[in-house]
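# Overview (structure and organization)
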Amino acid sequence: MNVKERYESAKEIYAAIGVDTDKAVETLENIAISMHCWQGDDVTGFDQKGPLTGGIQTTGNYPGKARTPEELMADIDKVFSLVPGKHKLNLHASYAIFEDGEFADRDKIEPKHFKKWVDFAKEKGIGLDFNPTFFSHSKVVDGLTLSSPIDEVRNFWIEHGKACIRISQYFAEELGIPCAMNIWIPDGYKDIPADRLGPRARFKDSLDQILSIPYDKSKVLVCLESKVFGIGLESYTVGSSEFTVNYAANNGIISLMDNGHYHPTEMVSDKISSMLLFNEKIALHVTRPVRWDSDHVVLFDDETREIAKEIVRNDAIDRVLLALDFFDASINRISAWTVGMRNMQKALLYALVSPNKRFKELQDTNQFTELMAMQEEMKTYPFGDVWDYFCEKNNVPVKGDWFREVMKYEEEVLSKRA
């Protein structure tokens, strides 16, 4: 049987339990995932040559890392050729592209420094998302940025945030697609602080100043991301979950949850429904924490599937801004991207071909025996045949054929990078 024949067989099997696989495939084709640019060059960026700071680390030294904007764009383009559907690209401000002899510090960056990214996005027919870069810079003083007690430091980063809003609106207006601009700061302390309130009050004031500039809220979707701790910031993080959720709710911006930014026993999948009850939109950075916020490649694992289920069964596809966030320098970076993107899509498809309405009825009528039995049976339904059809329909490699493309790209392109 070929891919289409296997799909037709699977379609009948799913139809018997009330699932329309054609509709599921069509729905998935219209879900855009924002792919993070920083997997391709180990979060280095193009505006500085110093080490990573702010509790961020990459480990490994796999050959073929992108060294220039042109190489990074080529790698991103390769990944998009292996992933079904149309998606978005998520940029950090540190990926500004300067002409020879030109430089602007982060408080002075302008839309023109991202024109090449806009040109790339137009050529590929994709949207852009954006992130101010509050790390890996000399103005991160004593581990603090927007919460710094030093006025010069804090004002520098406030101006950076304002500049990023202007750049985000430029992206949205040029591409005709709203831009999610996510604010995350690494600020915190290694040991128990003497003052928890002061840094958070300064952070609040900094955010107020950033958001005070005029911008089109239908075009720039400002998000605020929390974190529980970081390397060297183990005892206190200024932008805690309680801070970010409350600030977002009181200031008309969007809460962003990264599933690596909580205590190990906290699951973002469990938080989604509560957030949806009180917010028009929420944002996610999907990653894979291993013991801590280690940003491993997204797998088709339990938590990824649960996150996808919560998005789908709560009819929240249009309410969740979905992005990935991981960086692994120990393996082929093109493969890492492709695995993560395809796995997020697999998780969404798995949720779309589940009889969610029936499952809810069983729960509401206390029929937990049948619910468990059905949920377990679904694990061996021919989901893979639906996924293969989705890939073939979107003209990307089926099954493991994509990996041969990656190895060919490594041989022809990556291996030639010194």
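Our structure's up above, just so we're on the same page.
Per chain, the residues get numbers from 1 upward, laid out in the order the sequence is written. With the structure being a predicted model, the display of local features is reserved for residues of pLDDT at least 70 and the display and counting of side-chain atom pairs for 80 or more, all residues being used for whole-chain, interface and lining totals. Note that the side-chain values use all heavy atoms of the structure and ignore hydrogens as well as water.

### Considerations on the packing of helix α6 (residues 197–211) against helix α7 (residues 241–251)
Two elements in contact, α6 and α7, have axes whose closest approach is 12 Å; the angle formed by their N-to-C orientations is 35°. For the element pair α6 and α7, the recorded crossing hand is right-handed. Contact residues: R200, F203, K204, L207, D208 and L211 in α6; F243, Y247 and N251 in α7. When residue character is reported, Ala, Val, Leu, Ile, Met, Phe, Trp, Tyr, Cys and Pro are called nonpolar, Asp, Glu, Lys and Arg charged, and the others, Gly included, polar. Residues that form the contact of α6 with α7 fall into these classes: five nonpolar, one polar and three charged. Each axis is a line fitted through C-alpha atoms, taken for helices only over the stretch in contact, and angles between the N-to-C directions span 0 to 180 degrees. Secondary structure follows DSSP: runs of H or I at least 4 residues long count as helices, runs of E at least 2 residues long count as strands, and numbering of each begins at the N terminus. By convention the crossing between two helices is left-handed if the near helix lies anticlockwise of the far one by an angle smaller than a right angle, and right-handed if it lies clockwise. By the convention used here, residues are in contact when the closest approach between their heavy atoms is within 4.5 Å.

### Describing the nonpolar core
Side-chain atoms within 4.5 Å link the members of a nonpolar core, which is a set of buried Ala, Val, Leu, Ile, Met, Phe, Trp, Tyr and Cys residues. Each residue is placed in one exposure class: buried if its accessible area under a 1.4 Å probe, protein chains only, is under 20% of its type's maximum, exposed if it is over 50%, and partly exposed if it falls in between. I76, W117, F130, F171 and L284 are the most contacted members of the largest nonpolar core, which has 127 residues in total. Of all the elements, helix α5 (residues 151–175) adds the most residues to this core, at 12 residues. Once residues lying within four places of it in the same chain are set aside, the contact partners of F171 are L91, F114, V118, L128, D129, F130, G176 and C179. In this structure, A180, L221, I254 and A283 belong to the second largest nonpolar core, which totals six residues.

### Focus on the environment of Y262
Note that Y262 resides in the loop between β8 (254–258) and α8 (268–278). Residue Y262 is classed as buried on the basis of its relative accessible area of 10%. Sequence spacing of Y262 and W292 is 30 residues, and the spatial spacing of their C-alpha atoms is 8.5 Å. The residues contacting Y262, other than those within four sequence positions of it, are S226, V228, S241, M257, V268 and K271.

### A short note on the environment of S273
Position of S273 relative to the elements: it lies in helix α8. On the basis of relative accessible area, S273 is assigned to the partly exposed category, the value being 31%. Taking the C-alpha atoms as reference points, S273 and A316, separated by 43 residues in sequence, lie 9.5 Å from one another. In contact with S273, not counting residues within four places along its chain, are E310 and N314.

### Considerations on the state of the cysteines
Disulfide: a pair of cysteine sulfur atoms within 2.5 Å of each other. This structure, assessed with the given rule, holds zero disulfides. Just so you know, C164 is unpaired, no disulfide at all, and the nearest cysteine sulfur is the one on C179, 9.7 Å from it. The class for C179 is buried, based on a relative accessible area of 0%.

### Concerning the pairing of strand β10 (residues 320–324)
Of all five residues making up β10, four are buried, and the element is well covered by its neighbours. DSSP calls a pair of strands paired once it identifies at least 2 bridges connecting them. Examined bridge by bridge, strand β9 (residues 282–286) and β10 share five bridges and lie parallel to one another. Across the sheet, L284 pairs through a bridge with L322, a residue of β10. Assignment of crossover handedness uses the view with strands pointing away from the viewer, where a clockwise path from the first strand over the helix to the second indicates a right-handed crossover. In terms of handedness, the path from β9 via helix α9 (residues 302–313) over to β10 forms a crossover that is right-handed.

### As for the pattern of salt bridges
The term salt bridge refers to a pairing of a side-chain nitrogen on Lys or Arg with a carboxyl oxygen on Asp or Glu at a separation within 4 Å. Overall, the coordinates contain 37 salt bridges when judged by the stated rule. The partner of K227 in a salt bridge is D293, with the nearest N and O atoms 3.1 Å apart. Taken together, the positions of K227 in the loop between β6 (220–225) and β7 (236–237) and D293 in the loop between β9 and α9 put the pair 66 residues apart, joining distant regions of the chain. One salt bridge in this structure joins R358 and E370, with 3.1 Å as the shortest N-O distance. Of this pair, R358 sits in helix α11 (residues 356–364) while E370 sits in helix α12 (residues 368–378), and the two are 12 residues apart along the sequence. Looking at E370, the relative accessible area reads 32%, which means it is partly exposed. Three or more residues joined by partner-sharing salt bridges are found here, namely R6, D385, D388 and K399.

### A word on helix α2 (residues 21–29)
Within α2 the residues assigned to the buried category are T21, A24, V25 and L28. Projection of α2 onto a plane perpendicular to its axis shows the buried side chains occupying an angular sector of 95°, all on one side. In this structure, the buried residues of α2 make contact with α1 (3–15), α10 (333–352) and α13 (383–393). We define a polar contact as two N or O atoms separated by no more than 3.5 Å, with the added condition that, inside protein, one atom must be a possible hydrogen donor and the other a possible acceptor, whereas residues neighbouring each other in sequence contribute only through side-chain atom pairs. The backbone nitrogen of D22 has a side-chain oxygen 3.1 Å away, supplied by the residue at the start of α2, namely D20. Comment: arc refers to directions from the helix axis out to C-beta atoms.

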